[in-house]
Amino acid sequence: MERLFARLSEREQTLLWLAYVEGASHREIAASLGIGENSVRVVLYRARKRLAGILEGHGWGPEEVA
């Protein structure tokens with residue numbers, strides 16, 4: 001899993017870590033990184049999509065519902 005996470009950019013990794021591991025709000029992330037809250041939202045959205053694609057490419061996709 002760590003190897004797959006490492007395929008994201010450093011910025012994407014940092015934002016995902018702060019949001020989902022540390023539980024930081026968009027406002028807190030924006031303040032700590034010196035970027036706007038909207039930028040945080042956009043980068044997180046793109047990072048989640050990228051990570052989902054990476055995981056699906058390695059067989060970690062969502063289960064199909066019959």
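The rules behind each value
- Residues numbered from 1 in each chain as written.
- Predicted model: local features only at pLDDT ≥ 70, side-chain atom pairs only at ≥ 80, totals over all residues.
- Heavy atoms only, no water.
- Helix = DSSP H or I, 4+ residues; strand = E, 2+ residues; numbered from the N terminus.
- Buried < 20%, exposed > 50% of the residue type's maximum accessible area, 1.4 Å probe, protein only.
- Contact = heavy atoms within 4.5 Å.
- Areas by Shrake-Rupley, 256 points an atom, 1.4 Å probe, with all protein chains shown as cover.
- Lys, Arg positive; Asp, Glu negative; His and termini not counted.
- Charge placed at Lys NZ, Arg CZ, Asp CG, Glu CD.
- pLDDT = per-residue confidence, 0-100.
- Axes fitted to C-alpha atoms, helices over the stretch in contact; angles between N-to-C directions.
- Parallel < 35°, antiparallel > 145°, perpendicular 65-115°, else oblique.
- Core = buried A, V, L, I, M, F, W, Y, C linked by side-chain atoms within 4.5 Å.

1. Examining the overall build of the chain
Phase 1: Counting its regular elements, the chain contains four helices and zero strands.
Phase 2: Written out in order from the N terminus, the α and β elements of the chain read α-α-α-α.
Phase 3: Its C-alpha atoms put the chain at 40 × 25 × 20 Å along the principal axes.
Phase 4: By the burial criterion, 24% of the 66 residues in the chain qualify as buried.
Phase 5: The contacts in the chain between residues at least 6 apart in sequence include a share of 57% that link residues at least 24 apart.
Phase 6: Of the accessible surface of the chain, which amounts to about 5,000 Å², a share of 52% is contributed by carbon and sulfur atoms.
Phase 7: Of the charged side chains in the chain, 9 are positive and 9 negative; the average position of the first set lies 7 Å away from that of the second.

2. A closer look at the confidence of the model for the chain
Phase 1: Averaged over all residues, the pLDDT of the chain equals 91, while 94% of them reach at least 70.
Phase 2: Within the chain, the lowest mean pLDDT, 88, falls on helix α1 (residues 2-5), and the highest, 97, falls on helix α3 (residues 26-33).

3. A closer look at the packing of helix α2 (residues 10-21) against helix α4 (residues 37-57)
Phase 1: At a closest axis distance of 9 Å, the pairing of α2 and α4 adopts a crossing angle of 100°. For the element pair α2 / α4, the angle class is roughly perpendicular. When α2 is examined against α4, the residues Arg11, Glu12, Leu15, Leu16, Ala19 and Tyr20 are found in contact with a partner set consisting of Ser39, Val40, Val43, Leu44, Ala47, Arg48, Arg50 and Leu51.

4. Concerning the nonpolar core
Phase 1: Judged by nonpolar contacts, the single largest core of 15 residues is most densely connected at Leu8, Leu15, Leu16, Ile29, Val40, Leu44 and Leu51.
Phase 2: The set of elements that each furnish at least two residues to this core consists of α2, α3 and α4.
Phase 3: Among the elements that make up this core, the one with the highest residue count is α4 (seven residues).
Phase 4: Not counting residues within four places of it along the chain, the set of residues in contact with leucine 44 comprises Leu15, Leu16, Ala19, Tyr20 and His26.

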